[in-house]
Amino acid sequence: MKSTRFFAVWLAFMAFLLAGGLFAQQQKTTQKATKVEDKEGKEEQGEGTLALKDLPKPVQTTVQKETQGATIVGISKETDAGKTIYEIETKVSGHSRDMLVDDKGALTEVEEETALASLPAAIQAQIKTSIGKSKLVKLETVMNGAKVKTGYSALVETNGKQSEIEMGLDGKPTAKGK
């Protein structure tokens, strides 16, 4: 009787361990699948996911300086026409702040999430006109490397499809934003 009871307890314990192991393996597989999807999506755009230690020293120095008080969400590398640019995605005080840094460590652009309501009324009105009937998903203030405002970038959704509208400081679409 004791051996049957012992066997039943042992069998239940082994089933428990097996189920836990399978659950953990499923979690790892799901996480790997997500990472692969993300990586594949970025590779299609000519980018690769990087860690801070993978960056050239001048780029690391700029990133460390510019991300104080921020959380680095992602780092990617893009090469276009022989020029390498690193995109650093960060979160600061709950909103996104992304920057582009060239391979020599020069900050070339900063995009910081902005609330539409925080802008002057005339700019708000023009941005609303510029996006038309599209739903505003995200609005960013665009600054050059010297952190001087150069315009706005709106991520909008129309009929379930997202696109970006680039606008000048007046909120009107720029030639490249149309």
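Residues numbered from 1 in each chain as written. Predicted model: local features only at pLDDT ≥ 70, side-chain atom pairs only at ≥ 80, totals over all residues. Heavy atoms only, no water.

A. Expanded view of the side chain of Asp 98. As for its position among the elements, Asp 98 is in strand 4 (residues 95–102). Despite its burial, Asp 98 remains without a salt bridge, the nearest opposite charge being carried by Lys 138 at 4.8 Å. For Asp 98, the side chain forms a polar contact with the main-chain nitrogen of Thr 90, separated by 3.5 Å. Beyond its immediate stretch of four places on either side in the chain, Asp 98 contacts Glu 87, Ile 88, Glu 89, Thr 90, Glu 109, Val 110, Glu 111 and Glu 140. (Helix = DSSP H or I, 4+ residues; strand = E, 2+ residues; numbered from the N terminus. Buried < 20%, exposed > 50% of the residue type's maximum accessible area, 1.4 Å probe, protein only. Lys, Arg positive; Asp, Glu negative; His and termini not counted. Salt bridge = Lys/Arg side-chain N within 4 Å of Asp/Glu carboxyl O. Polar contact = N/O pair within 3.5 Å; in protein donor to acceptor, adjacent residues only side chain to side chain. Contact = heavy atoms within 4.5 Å.)

B. Representation of the confidence of the model for the protein in the model. For the protein, mean pLDDT is 79; residues scoring 70 or higher make up 71% of the total. Across residues 22–46, where pLDDT falls below 50, the model places seven contacts with residues more than four positions away in sequence or in other chains. (pLDDT = per-residue confidence, 0-100.)

C. Local environment of helix 2 (residues 57–66). Burial in helix 2 covers these residues: Val 59, Gln 60, Thr 62, Val 63 and Glu 66. All buried residues of helix 2 lie within an arc of 165 degrees about the axis, which places them on one face of the element. Within helix 2, the exposed residues directed more than 90 degrees away from the buried face are Lys 57, Thr 61 and Lys 65. Those residues of helix 2 hidden inside the fold are in contact with strand 2 (71–80), strand 3 (83–92), strand 4 and strand 5 (107–113). (Arc of directions from axis to C-beta.)

D. Focus on the environment of Leu 119. The residue Leu 119 is located in the loop between strand 5 and helix 3 (121–131) in this model. Contact partners of Leu 119, with chain neighbours within four places excluded, come to Thr 114, Gln 124, Ile 127, Leu 139 and Tyr 152.

E. Up close: the side chain of Thr 62. With respect to the element layout, Thr 62 can be found in helix 2. With sequence-adjacent residues up to four places away left out, Thr 62 is seen in contact with Val 101, Gly 105 and Leu 107.

F. Expanded view of helix 3. Turning to helix 3, its buried residues are Ile 123, Gln 124, Ile 127, Ser 130 and Ile 131. What you see down the axis of helix 3 is that its buried residues fit within an arc of 125 degrees, all on one side. Among the exposed residues of helix 3, those pointing more than 90 degrees away from its buried face are Ala 121, Ala 122 and Thr 129. Following helix 3 by one or two positions, Gly 132 adopts a phi angle in the positive range, close to 60 degrees.

G. Here's a closer look at the pattern of salt bridges. Under the criterion given, the structure shown has five salt bridges. With a closest N to O distance of 3.5 Å, Lys 53 and Asp 54 form a salt bridge. Of the residues examined, Asp 54 reaches a relative accessible area of 42% and is grouped as partly exposed. In this structure, Lys 147 engages Glu 66 in a salt bridge whose closest nitrogen and oxygen atoms are separated by 2.7 Å. Taken together, the residues Lys 147 in the loop between strand 6 (135–144) and strand 7 (149–158) and Glu 66 in helix 2 connect sequence positions 81 residues apart. Judged by its relative accessible area of 42%, Lys 147 is partly exposed. Each member of the salt-bridge network shares a partner with another, and the members are Glu 66, Arg 97, Glu 112 and Lys 147.

H. Spatial organisation of the layout of surface pockets. Counted as a void, the largest pocket has a volume near 640 Å³. Forming the boundary of the largest pocket are 30 residues, of which Leu 100, Glu 109, Glu 111, Glu 164 and Glu 166 lie nearest the centre. Considering every element that reaches the lining of the largest pocket, the biggest residue donor is strand 7, with six residues. Residues belonging to the lining of the largest pocket are distributed by class as follows: 10 nonpolar, six polar and 14 charged. (1 Å grid on protein atoms, 1.4 Å probe; cavity = no way out; pocket = protein on both sides within 12 Å on 5 of 7 lines; lining within 4 Å. Points joined across faces, edges and corners; volume = space filled by probe spheres on them. Nonpolar A, V, L, I, M, F, W, Y, C, P; charged D, E, K, R; others polar.)

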